[in-house]
Every structure is written in structure tokens, then in C-alpha cells.
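Observations on the three-dimensional arrangement
Residues per chain are reported as follows:
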Amino acid sequence: ADGAAFTPIAPGDWLGLLGGGQLGRMFCHAAQSLGYKVAVLDPAADGPAAMVADRHIHAAYDDEQGLAELARLCRAVTTEFENVPAQSLRSLAAHCRVSPAADAVAVVQDRIAEKAFIAAQGIAVAPHAAVRARADLEQADEALFPGILKVARLGYDGKGQARVATRAEALAAFDDFGGVPCVLEALLALDHEISVVIARGFDGATVMFPVARNVHRDGILAVSTVALAALSGPDAQLEQQAGASALAIAQGLDYHGVLCVEFFVLRDGRLLVNEIAPRPHNSGHYSIDACVTSQFEQQARAMAGLPLGSPGLLAPAIMLNILGDIWYPDASDAQREPDWAAALAVPSAKLHLYGKREARRGRKMGHVTIVAATMAQARADAMRVAAALG
Ligand code: ADP
Ligand code: MG
């Protein structure tokens, strides 16, 4: 059905979403701003997306009745969550347009299949080995140590990962993960990390957002910095290479919708793909405030069959993630509400909170985007915001 020509879904009609986290919430905001109504299928009772959606279908991702209700209401469905069962996307596709397609999501939600796919496009990934049994670790190349063992499925924000100095540690970590399929990657000397968000319509038209430079803490994104494109020099070359790889990946997956490719830039200057997210990405949140069209609006436009908007960056931007940790001023369980007014006293700061009831350490609660005339100003303002939020 996806290949066939179709009439765009007009604003006023319903769009469907699987998953109810913050990405879904921001999708709702963007789709509603275009005039759509959004139905969210989310097993959680009061998730960030369900609380702003026009309808919440409170059901498991594989609940037949819930999926049928979604398909009845919506001519097009997307996902904000890569771990939704590919089978659910497949069964929905019999009734309505689904983007991204189950086959693309199936590749990306399994690190073993994902790495094989990327490598098959001729794009470099980290040295790694698929680990399906202890024997795979016993035989793994010595060059993969020290390494990181990652569960092949369902990991996020550094969860389901263990740094392993030796083969013995890797075996212990594999047992710890319950012997589920994993990937063992060499621990690389990173210079920095970058990411590219790309949107691709059903007609194959693509738009690419500016490259974000990302800093992670404890495996969780902390800061994304987005500068106006470098015109020359090594940064421009890297950005161009990253863009070409992201495009090849989107085309290779025959991808429809919004996708993000995360890259490692090694100390020796080489660019490797880390992973693909089949959805808008945390490192693309800056696009809400700093681009002509946000990544979430592109997601709505792509699934509705509307033309994609300009991804153009209006000004340099810095995004700071807000984790639940800042609710805890010390090592105890005592909480205090962050000083939002102090953060917003920086006029270039745009605050986004996801409405999560409970602040937990390591939990993504919101983000702040600083949009300023120059990168120097953005950095100075970001320091003030960070200081205000402690
Ligand atoms: P997640 O699915 O949790 O985002 P990633 O595989 O992207 O998992 O890992 C999270 C972060 O951990 C990366 O962004 C990077 O900072 C670090 N990391 C992951 N793999 C490696 C590696 N092979 N070498 C060095 N750092 C790594
Ligand atoms: Mg990642």
C-alpha cells in the first residue's frame, strides 16, 4: 500500500501514534498545531503523550482490539518507540498506512541486524561481534577488549550495556543479562559524537537537519550543540560524510518518516555509525525552537503525505537535557523542585517539560533549548541556564 499514490490526509483528520513518551508528546503538539487530531496507543495510564493526545487508547502494543481501534480511527500511524513489536506494525499496515514500515523497524530494533545492514551499505561501524551464546564470547577477537557488551534488543539510554575490560568480565555480563543475544563492541577512543536527523516522504523526497554535536553522560545524552553549517575544513567534510551516510541508510531501508543516525568521530578522525533510531531523536529536539520546521512536524507531514518543510536552522542552538537528577540536590532521597524561573531568566532559553509525575535519577524529564545570535552567546547563556538548574 505504501508505494501507491495516495491523497494527502488533510488537517482535521486523525493521525495515530504508537508509544506514549516525550517524543510522542512533542509529536502530538506538532500534529495538533497543523490541525490534526492524534490518537495515542500507550500501555501506560498517564504517559506524556497520552495526556495531550485527543484520544488515548489504553492498551498493550500487541493488543488486537487496541490496534483495531487505532486503525479504524486513523488512516496513517507512526511510532515514537523503536521497540514496538514489528508484528503490530505489520498487522496495522493491512488497514492503514504505517510509517516507518515494520521491515525497517525490525532491522533497527535489533543491534545485530542493524550493524549488518549498515555494514552492507558500505558504511563503517565499530568493530564488533554478534553474541548469541557464551561460545561467541570465548571465540571473540582479542581486539574487541576492552569493549562494551550491549543487549541486541530493548536497550536505551545506556541501559542494557556493560563495559567489559576482559573476556571474563564479558562472560559475566552476558550471564547477568540472562544470556540474551548481545553485541560486543570494541571500546573506542571517541573524539566526539554527532547525529543527523533526516525525514523522508512516501515520494522519496528527503530533508536533512543540520548536524548536532552530542555530549553523553553515563550513556545518556546531556547536551546537543548545533552550529550553522561549517563551509570548509574537517568539520565540513565530516558533516558531508555523515549526511551522505544518513541518506544512504534512509534509502537503503526504503524508510518513510523521521530517522536519526548517531555517529562516532574517532580521535583519528574516522567516522563510524553508532546506531539508528527509527523516529525523531533527542538530539533533534533543538529543531522545535531553532529550525523552520521541527523534526516532529516533519514526522506528521511525512505520514500525512504532505510536502516536507524546510529544516533550515534559524540560529545557533544548544539543547540541555533535564534529567530527574536535578530534583535531588544531594545523595539522599530528598527532592526539591528545580528553579524554573531562574532558568527562564535567561531570555534565550526555551523550556520543555514532559509532564512526568515522578522525577527519578537518570529519567528524562524535559529539555531546554537556547537559541542565540551567535554560538558564543548560546554557550554563555547555556552556562547560565545550567547554573540556574544546578
Ligand atoms: P543507547 O541505545 O542507549 O543510546 P548507544 O549504543 O548509543 O546506546 O550507547 C550510548 C553511548 O555510550 C554512546 O552515545 C557513547 O557515548 C557510548 N558508547 C557506546 N558504544 C561505544 C563504543 N563502542 N565506544 C565508546 N563509547 C561508546
Ligand atoms: Mg544511542
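Up top you'll find the structure we're talking about.
Residues numbered from 1 in each chain as written. Chains lettered and ligands numbered in written order. Predicted model: local features only at pLDDT ≥ 70, side-chain atom pairs only at ≥ 80, totals over all residues. Heavy atoms only, no water.

**Quick notes on the nonpolar core**
- Among the nonpolar cores identified, the biggest contains 25 residues, and Ile 118, Ile 249, Leu 253, Phe 263 and Val 273 are the most heavily contacted of them.
- Of all elements in the fold, only α4 (102-108), α5 (111-120), β10 (190-200), α8 (233-252), β14 (257-266) and β15 (271-277) reach the threshold of two or more residues within this core.
- In terms of residues, this core owes the most to one element, α8, which gives 5 residues.
- Ignoring sequence-local partners within four residues, the contact set of Val 273 consists of Ile 118, Ile 123, Ala 124, Val 125, Ala 126, Ile 249, Val 261, Glu 262 and Phe 263.
- Ranked by size, the runner-up nonpolar core spans 22 residues in total, among them Ile 326, Trp 327, Trp 340 and Val 368. (Core = buried A, V, L, I, M, F, W, Y, C linked by side-chain atoms within 4.5 Å. Buried < 20%, exposed > 50% of the residue type's maximum accessible area, 1.4 Å probe, protein only. Helix = DSSP H or I, 4+ residues; strand = E, 2+ residues; numbered from the N terminus. Contact = heavy atoms within 4.5 Å.)

**Here's the deal with the site of ligand 1**
- Neighbouring residues of ligand 1: 19 residues in total, closest Lys 150, Gly 158, Gln 161, Glu 193 and Asn 274.
- At 2.7 Å, a side-chain N or O of Gln 161 approaches an oxygen atom of ligand 1.
- A distance of 2.6 Å separates an oxygen atom of ligand 1 from a polar atom in the side chain of Glu 193.
- Protein coverage of the free-state accessible area of ligand 1, which is 540 Å², stands at 92%.
- Going through the elements one at a time, β7 (147-151), β9 (182-186), β10, β14 and β15 are the ones with two or more residues in the shell around ligand 1. (Near = heavy atom within 4 Å. Polar contact = N/O pair within 3.5 Å; in protein donor to acceptor, adjacent residues only side chain to side chain. Areas by Shrake-Rupley, 256 points an atom, 1.4 Å probe, with all protein chains shown as cover.)

**Brief notes about helix α1 (residues 22-33)**
- With 12 residues, α1 extends 17 Å between its outermost C-alpha atoms, agreeing within 8% with the 16 Å of an ideal straight helix rising 1.5 Å per residue.
- Burial within α1 is extensive, with 9 of its 12 residues counted as buried.
- Backbone geometry just downstream of α1 places Gly 35 in the positive-phi region, at approximately 105°. (Expected span 1.5 Å × (residues − 1).)

**Regarding the pairing of β7**
- With 5 of its 5 residues buried, β7 lies for the most part within the structure.
- Burial along β7 is two-sided: Gly 147, Leu 149 and Val 151 and Ile 148 and Lys 150, pointing in opposite directions, are all buried.
- In terms of strand pairing, β7 meets β9 through 5 bridges, oriented antiparallel. For Leu 149, the partnering residue across the bridge sits in β9 and is Leu 184. (Pairing = 2+ DSSP bridges.)

**Considering the coordination of the magnesium ion (ligand 2)**
- In this structure, Glu 262 (OE), Glu 262 (OE) and Glu 275 (OE) serve as the protein donors to the magnesium ion (ligand 2), at separations of 1.9 to 2.7 Å. Here Glu 262 is found in strand β14, whereas its partner Glu 275 is found in strand β15, with 13 residues between them in sequence. (Donors = N, O, S within 2.8 Å, 3.2 Å for Na, K, Ca; no water.)

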